[in-house]
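These are the residues of each chain, in order.
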Amino acid sequence: MTRIAHAHFIESLKDVSLNGRIALITGGSAGIGAATAIKLASLGASVTVVGRSDSKCKAVVEQMKSVSPASSNAVLTYALLDFGDLKATESFLESYAADTPRLDFLVLSAGGFSGNDSMVTPDCSRAVAVNYVSRFAAVKYLAPLLTRTAELSQDGIVRVINVGNPTLSGTSIDGFRDDMGMVKAKGISWFLKLPSLVTYANVMIDEFAKQNPKVAMIHIHPGVIATDLQAPFPINFIVVPIVKLVGDSVEYAGDRIAFYLTKYDCTGRFGRGIYIGMKDEDVPFNWTGDVGADYETVMKFSQRVLDQAH
């Protein structure tokens with residue numbers, strides 16, 4: 001089924017031209033983010049990848065240049081950033097929003113887990129900062145630019161994709177409310193609280209979709225992809241090797257995300273979050289908690305962490 005789906009994505013993208021379009025890819029130095037960046041570049045888009053490794057980012061830029069159509073005159077570049085450093089993340093996003101004339105595609109792919117890591121603010125661990133709060137910051141700071149682009153775009157195709165697993169989300173924050181930043185969680189409780197990151201992301205996507213109804217906000221499950229996932233013991237010794245053995249290629253993930261960025265029909269779905277499972281099925285996000293109060297709690301927590309980073 002994956003091979004059939006991949007062929008469908010490739011065929012759907014065959015005649016797509018992204019000349020003049022601009023994309024920003026977080027976590028773009030490797031894995032799914034890099035594959036997405038290279039695919040978008042091959043379609044003519046100007047792409048900036050953001051990552052921590054200078055050598056890896058340079059390698060991705062060279063790959064993008066090798067596939068970018070000469071006629072596109074695309075700008076292909078990179079920025080170095082550690083998304084665990086929230087102050088630096090905000091500074092980068094502010095500068096990018098001020099210096100970039102338009103932004104058609106924002107792909108949030110930065111992530112990784114290092115176990116019971118350190119706190120980056122009094123209320124937030126590094127895991128939550130890297131895998132969620134930095135993504136919240138990206139949408140917050142770039143939403144006005146995305147909206148302006150949508151207003152000027154002839155086809156209105158301006159999209160945000162959060163790469164995650166919307167199917168893992170809870171339907172309230174009751175299990176996470178006492179430690180939303182995972183600063184108290186240790187050992188097994190740390191692993192048990194990981195779904196909170198997906199729950200926050202689902203809330204973020206839905207809330208920002210309401211605030212920015214001209215921009216399609218999508219949270220997508222990439223599938224089981226053979227990447228070098230940064231993960232703590234025992235995941236790094238048990239799960240990662242299995243995923244590498246049976247997982248789909250990063251090229252498949254990149255083509256699939258490019259399809260959802262450019263060809264997926266979002267008609268009638270603006271103003272609310274769009275959730276896509278690993279088999280391309282719609283994932284219902286049926287919140288059982290107090291929608292207004294819970295959403296407000298998540299958004300206030302996210303902003304409070306950013307404020308604490310200063």
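1. A word on the overall build of the protein
Scanning the protein from N- to C-terminus turns up 10 helices and 9 strands. For the protein, buried positions account for 56% of its 310 residues. As displayed, the protein offers around 13,400 Å² of accessible surface, 55% of which is attributable to carbon and sulfur atoms.

2. Topic: the pairing of strand β4 (residues 105-108)
What you see with β4 is no split at all: Phe105 and Val107 on one side and Leu106 and Leu108 on the other are buried throughout. Note: strand β1 (residues 22-26) against β4, 4 bridges, orientation parallel. When the sheet's bridge partners are listed, Thr26 is paired in β4 with Leu108. For β4 and strand β7 (residues 159-163), the ladder comprises 4 bridges, and the chain directions are parallel. Note on β7: the bridge partner recorded for Phe105 is Arg159.

3. Some remarks on unusual backbone geometry
Look at Met182: it is not a glycine, yet its phi comes out positive at around 55°. In this structure, Met182 sits in the loop between β7 and α6 (188-192). Phi at Asp280 takes a positive value of approximately 70°, unusual for a residue other than glycine. Inspection of the secondary structure puts Asp280 in the loop between β9 (274-276) and α10 (291-308). A residue is classified by how much of its surface remains accessible, and Asp280, at 27% relative accessible area, is partly exposed.

4. Comments concerning the packing of helix α5 (residues 126-152) against helix α7 (residues 195-211)
Running from N to C, α5 and α7 cross one another at 5°; their axes reach a closest spacing of 10 Å. One finds that α5 runs roughly parallel with respect to α7. When α5 is examined against α7, the residues Ala127, Val128, Asn131, Tyr132, Arg135, Phe136, Val139 and Lys140 are found in contact with a partner set consisting of Leu197, Tyr200, Ala201, Met204 and Phe208. For the contact of α5 with α7, the per-class residue count stands at 10 nonpolar, 1 polar and 2 charged.

5. Observations concerning the packing of α5 against α10
Relative to each other, α5 and α10 sit at 95°, their axes nearing to 10 Å. In this view, α5 runs roughly perpendicular relative to α10, as classed from their interaxial angle. Between α5 and α10, the contacting residues are Val128, Tyr132, Val133, Phe136, Ala137 and Lys140 on the first element and Val298, Met299, Phe301, Ser302, Gln303, Val305 and Leu306 on the second. Of the residues that constitute the contact of α5 with α10, the class distribution is 10 nonpolar, 2 polar and 1 charged.

6. Things to note about the nonpolar core
Ranked by size, the top nonpolar core spans 59 residues in total, and within it Leu103, Leu106, Tyr132 and Leu142 carry the most contacts. Within the residue set of this core, elements represented by two or more residues are β1, α4 (86-99), β4, α5, α7 and α10. Element by element, the count of residues in this core is highest for α5, at 14 residues. Leave out the neighbours within four places in its chain, and Tyr132 touches Ala127, Leu197, Tyr200, Ala201, Met204, Val298 and Ser302. Among the nonpolar cores identified, the runner-up in size contains 39 residues, and Val16, Leu40, Val60 and Ile274 belong to it.

7. Description of the side chain of Thr147
Counting through the fold element by element, Thr147 comes out in helix α5. Classification of Thr147 as buried rests on a relative accessible area of 17%. Non-local contacts of Thr147, meaning those with residues more than four positions away in its chain, are made with Asn212 and Val215.

8. Brief notes about the pattern of salt bridges
A side chain of one charge can pair with a side chain of the opposite charge when the charged atoms of the two come close. By the definition in use, this model includes 17 salt bridges. Between Lys14 and Glu11 there is a salt bridge, and its shortest N-O distance comes to 3.0 Å. Among the ionic pairs, Glu296 bridges to Lys300, the shortest N-O distance being 3.0 Å. A residue pair is termed a helical-turn pair when its members lie 3 or 4 positions apart in one helix, as Glu296 and Lys300 do in helix α10 at 4 residues.

What counts and how
Residues numbered from 1 in each chain as written. Predicted model: local features only at pLDDT ≥ 70, side-chain atom pairs only at ≥ 80, totals over all residues. Heavy atoms only, no water. Helix = DSSP H or I, 4+ residues; strand = E, 2+ residues; numbered from the N terminus. Buried < 20%, exposed > 50% of the residue type's maximum accessible area, 1.4 Å probe, protein only. Areas by Shrake-Rupley, 256 points an atom, 1.4 Å probe, with all protein chains shown as cover. Pairing = 2+ DSSP bridges. Axes fitted to C-alpha atoms, helices over the stretch in contact; angles between N-to-C directions. Parallel < 35°, antiparallel > 145°, perpendicular 65-115°, else oblique. Contact = heavy atoms within 4.5 Å. Nonpolar A, V, L, I, M, F, W, Y, C, P; charged D, E, K, R; others polar. Core = buried A, V, L, I, M, F, W, Y, C linked by side-chain atoms within 4.5 Å. Salt bridge = Lys/Arg side-chain N within 4 Å of Asp/Glu carboxyl O.

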